[in-house]
Structure formats: structure tokens, C-alpha cells
Amino acid sequence: MSSAAVAMDWEVHLYFTFWGLRMLRIGEMEKAGLDSTYKDLEEGMKKRLEEMKYPTPYQMLKQIKSSGRLTIYACTPTMSMFNIKKEELIPEVDKLAGAAQMLDIASGADVSLFI
Amino acid sequence: MSSAAVAMDWEVHLYFTFWGLRMLRIGEMEKAGLDSTYKDLEEGMKKRLEEMKYPTPYQMLKQIKSSGRLTIYACTPTMSMFNIKKEELIPEVDKLAGAAQMLDIASGADVSLFI
Amino acid sequence: MSSAAVAMDWEVHLYFTFWGLRMLRIGEMEKAGLDSTYKDLEEGMKKRLEEMKYPTPYQMLKQIKSSGRLTIYACTPTMSMFNIKKEELIPEVDKLAGAAQMLDIASGADVSLFI
């Protein structure tokens, strides 16, 4: 979705909280799989994505970042809650921020989605 | 929610992606149940819905569609990813579309929800 | 998020439906844990939240409510579907409402999120 948005010249702000934040830890995106409900589909999907030569989630994030129109935020309360340090996060993270900053950005956005 | 929205004379656009898209396959909505976390509640809920003479998900979708105010989109990248063909989808699907078209519609909407 | 929002002087409307509604039952929030996918993280998180002297979910809800800027809605169709009576819900619930009322409020809001 972010990929389509930057291709449309939109400015994208991704705020990672709770489970999302965990995905920002170095090496975590590479391990990411499907939710337990859909575990049986994981292998087929991964194989298919390879056949399609689809970029991996981290490669895709870096591509979107290179557009210059993506800002990535890590949720500070979640970092405390799960005891995650800034050094553990991928270097593409732009800012550490609380919910107030996220809501502020969301209120000025054309589309805000909680995924 | 869509049912309430069309009853309010709203125009509804439903974009089905990832798990959502799978629900558009013929026969899939009839099999739909609850997520593994809530599996234990499924039987009670289904029984209760029958007692209430609640329409099934597919019957409800057809009712909303008959209002003429619902457009259903199937996400094309997801179709590739899960190798789903157009012929496998229910006939109520109006358009195959990518994320760009979805974002475009969302940006002009009063309410956009990712469910 | 609601906590940050009321601190910013925003008016917050929380509409609880489906699983969310179940959380409004007396005693339910105290039992709340993580989704099955993340069950293994639950103990660590709960311990950490205690160390941080973080309020429990229900304490937090009451704090936000005391701001006078939070309105809590319980979804009436869900109440029927799970056979939940008004007396089973926490006293902080302000209104019983259907999806139409929720959509009406969402359409006038700056930010609407489905969580």
C-alpha cells in the first residue's frame, strides 16, 4: 500500500506500534511469517512470491524509503513495554514518537489506516 | 457496517485484499468461521445467528449489493500471490484493482476503515 | 491512543463491536491477555508493565473517562449475537448503538481507526 502511495507522489507516514514495532527490530522482518490462523498457507505463499520475484518485505521497505516520501516512526511506549532499545531497530527508522505525534499526523492526513 | 451505510444512502466501496480476498472465492463465505483465538465461541454464535434468523454473510452481501450503492474490488496483487483466478471469485465482484485505485477512492471518502 | 487524544483535548468516541464488545463485560478487561499468536510474550509483557507501574486497561479506561471527553458505545447487534445484557457491561458504557450511529460519528471525525 505504501509502495502504491509513494508511486502516486503521496507522502507516507508509517507508525509502528505493538506487534508492528517488533517488525522493526533488526532481522525480524526476514523471519516474518503468517499469523497462526493461516500458517498452512505460508509455504505456498512464500514460494509463489519467489517465483514472482517479489521483493522481500525489508527490500520493499528500503525501496519505498528511497523515494524520499516515507517517514517511519517507532512507538516509544511499546519500546518500554517490550524493553526494546533504539540500537535494536533497523536504521530506516526516522523518529521515536508517542501516540500524540501519530494522532497529530493522522488528523492532517487524507487517509489514515490502522492495519 | 456496509449494510448500515447503504441504508443511510452512503456509497460503499469494499476493497478485499489478502485474507479478505480469499473470502470472495466461490463457496468460501459459506465456510467462514471465527479466528483460532475465538474458535470456542463459533458454535454458540452460529446457533444464535440462526435463531435471530440473521442472513448468512453471502446473503447479506447480496442484499447490500442490490441497493446499487456497493462496489466490490478484488486486489490484483493478492490474486497473483495466492494464484486466484477471476473465475474463482463470486459474480458480485465489480472490479479487479491494485492498491493505487483503493487509495484514490479512500482519499475521497468520508470514512475509510481497514478491517 | 485514547489517553493521548484526551490529553490533546480531543473528543474521543470508542465504539466497541464484536471482540471489542466482549471486553466491556464486567471483569473481562482484567482477564484480557494477548492473542494466541503472541501468547508466549504475555508473561514478560505483564511483568514489565507492572515494573513500569503502568495502569491496568480498566484503570486506564477510567482515567480517560474522568477527562469528560470520552464517550463509550456498545454495539447492539453484537449484544444480540452473543446474548450479552446491558447489566453485564461496565458502568462506564454511555450508549448502546448500532453501526449507523457509529458511521455518523466517524464521518464527522478527524481520525477514524478500526482497531
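Just so it is clear, the structure is predicted and the values come from calculations on it, not from any experiment.

**Some remarks on the overall build of chain A**
Next up, step 1: A count of helical and extended segments in chain A gives 7 helices and 3 strands.
Next up, step 2: Written out in order from the N terminus, the α and β elements of chain A read α-β-α-α-α-α-β-α-β-α.

**Observations regarding the environment of K85 of chain B**
Residues and elements named next belong to chain B.
Next up, step 1: In this fold, K85 is placed in the loop between helix 6 (76-81) and strand 3 (95-97).
Next up, step 2: We classify K85 as exposed; it has 8 C-beta atoms within 10 Å.
Next up, step 3: For the pair K85 and G108, spaced 23 residues apart in the sequence, the C-alpha separation amounts to 29 Å.

**Some words on the relation of the copies chain A and chain B**
Next up, step 1: The operation relating chain A to chain B is a screw motion whose rotation component is 120°, with 0.0 Å of axial translation and a residual RMSD of 0.0 Å. Between the two chains, the operation in question is that of a three-fold axis.
Next up, step 2: The fraction of interface residues of chain A whose copies in chain B are also interface residues is only 12%, indicating that the copies meet through different surfaces.

**Here we look at helix 5 (residues 57-65) of chain B**
Residue and element names in this part refer to chain B.
Next up, step 1: Restricting attention to buried positions, one finds in helix 5 the residues L61, I64 and K65. Summarising the axial view, the buried residues of helix 5 lie within an arc of 100°, below the 170-degree limit, and thus occupy one face.
Next up, step 2: Elements in contact with the buried residues of helix 5: helix 1 (2-7) and strand 2 (70-75).

**Digging into the sheet that holds strand 2 (residues 70-75) of chain C**
All names here are of chain C.
Next up, step 1: Read from one edge of the open sheet, 3 strands run 1-2-3, paired in parallel fashion. A strand with exactly one partner marks an edge of an open sheet, and here the two such strands are strand 1 (12-16) and strand 3 (95-97). Neighbour-to-neighbour, the strand axes of the sheet open up by a mean angle of 30°, direction not taken into account.
Next up, step 2: With 5 bridges joining them, strand 1 and strand 2 adopt parallel strand pairing. For F16, the partnering residue across the bridge sits in strand 2 and is A74.

**What to know about the interface of chain A and chain B**
Next up, step 1: Taken together, the 17 residues of chain A in the interface contact 15 residues of chain B.
Next up, step 2: Those elements giving two or more residues to the side of chain A that touches chain B turn out to be helix 1 (2-7) and helix 4 (42-51) of chain A.

**Overview of the interface of chain A and chain C**
Next up, step 1: Contacts between the two partners involve 15 residues from chain A and, on the opposite side, 17 residues from chain C.
Next up, step 2: Top element by residues in the side of chain A that touches chain C is helix 7 (residues 99-107) of chain A. It accounts for 5 residues.
Next up, step 3: When the residues that make up the side of chain A that touches chain C are grouped by side-chain class, the tally is 8 nonpolar, 6 polar and 1 charged.

**Examining the environment of L113 of chain B**
Next up, step 1: If you trace the backbone, L113 of chain B turns up in the segment after helix 7 (99-107).
Next up, step 2: For L113 of chain B, a count of 16 C-beta atoms within 10 Å gives the class partly exposed.

**Observations concerning unusual backbone geometry**
Residue and element names in this part refer to chain B.
Next up, step 1: Unlike most non-glycine residues, K53 shows phi in positive territory, near 55°.
Next up, step 2: Looking at the secondary structure, you find K53 in the loop between helix 4 (42-51) and helix 5.
Next up, step 3: With 6 C-beta atoms counted inside 10 Å, the residue K53 sits in the exposed group.

**A closer look at the sheet that holds strand 2 of chain B**
All names here are of chain B.
Next up, step 1: With parallel pairing, the 3 strands of this open sheet are ordered in space as 1-2-3. Edge strands, defined here as strands with exactly one partner in the open sheet, are strand 1 (12-16) and strand 3. The sheet shows a mean angle of 30° between the axes of neighbouring strands, taken without regard to direction.

**So, the nonpolar core**
Next up, step 1: If you look at the biggest cluster of nonpolar residues, it comprises 58 residues, and the most contacted ones within it are Y73 and M102 of chain A, Y73 and M102 of chain B together with Y73 and M102 of chain C.
Next up, step 2: Apart from the residues lying within four places of it in its own chain, the contact partners of Y73 of chain A are H13, L14, Y15, F16, D94, K95, A97 and M102 of chain A.

**Here we look at the environment of G98 of chain B**
Next up, step 1: Within the secondary structure, G98 of chain B is located in the loop between strand 3 and helix 7.
Next up, step 2: The class for G98 of chain B is partly exposed, based on 18 C-beta atoms found within 10 Å.
Next up, step 3: For G98 of chain B and D9 of chain B, which are 89 residues apart along the polypeptide, the C-alpha to C-alpha distance reads 26 Å.
Next up, step 4: Leave out the neighbours within four places in its chain, and G98 of chain B touches A4 of chain A together with T76 and P77 of chain B.

**A few points about the confidence of the model for chain A**
Next up, step 1: Residues of chain A with pLDDT of at least 70 account for 100%, and the chain-wide mean is 93.
Next up, step 2: For this predicted complex, the interface confidence comes out at an ipTM of 0.88, alongside a pTM of 0.92.

**Remarks on the pairing of strand 2 (residues 70-75) of chain A**
All names here are of chain A.
Next up, step 1: In terms of burial, strand 2 is a largely internal element, 5 of the 6 residues being buried.
Next up, step 2: Relative to strand 3 (residues 95-97), strand 2 is paired through 3 bridges, and the arrangement is parallel. Paired with A74 across the strands is L96, a residue of strand 3.

Rules of the game
Residues numbered from 1 in each chain as written. Chains lettered and ligands numbered in written order. Predicted model: local features only at pLDDT ≥ 70, side-chain atom pairs only at ≥ 80, totals over all residues. Helix = DSSP H or I, 4+ residues; strand = E, 2+ residues; numbered from the N terminus. Buried ≥ 20, exposed ≤ 12 C-beta atoms within 10 Å, placed from the backbone. Least-squares fit on C-alpha atoms with pLDDT ≥ 70 in both. Contact = placed C-beta atoms within 7 Å. Arc of directions from axis to C-beta. Pairing = 2+ DSSP bridges. Axes fitted to C-alpha atoms, helices over the stretch in contact; angles between N-to-C directions. Nonpolar A, V, L, I, M, F, W, Y, C, P; charged D, E, K, R; others polar. Core = buried A, V, L, I, M, F, W, Y, C linked by C-beta atoms within 7 Å. pLDDT = per-residue confidence, 0-100.

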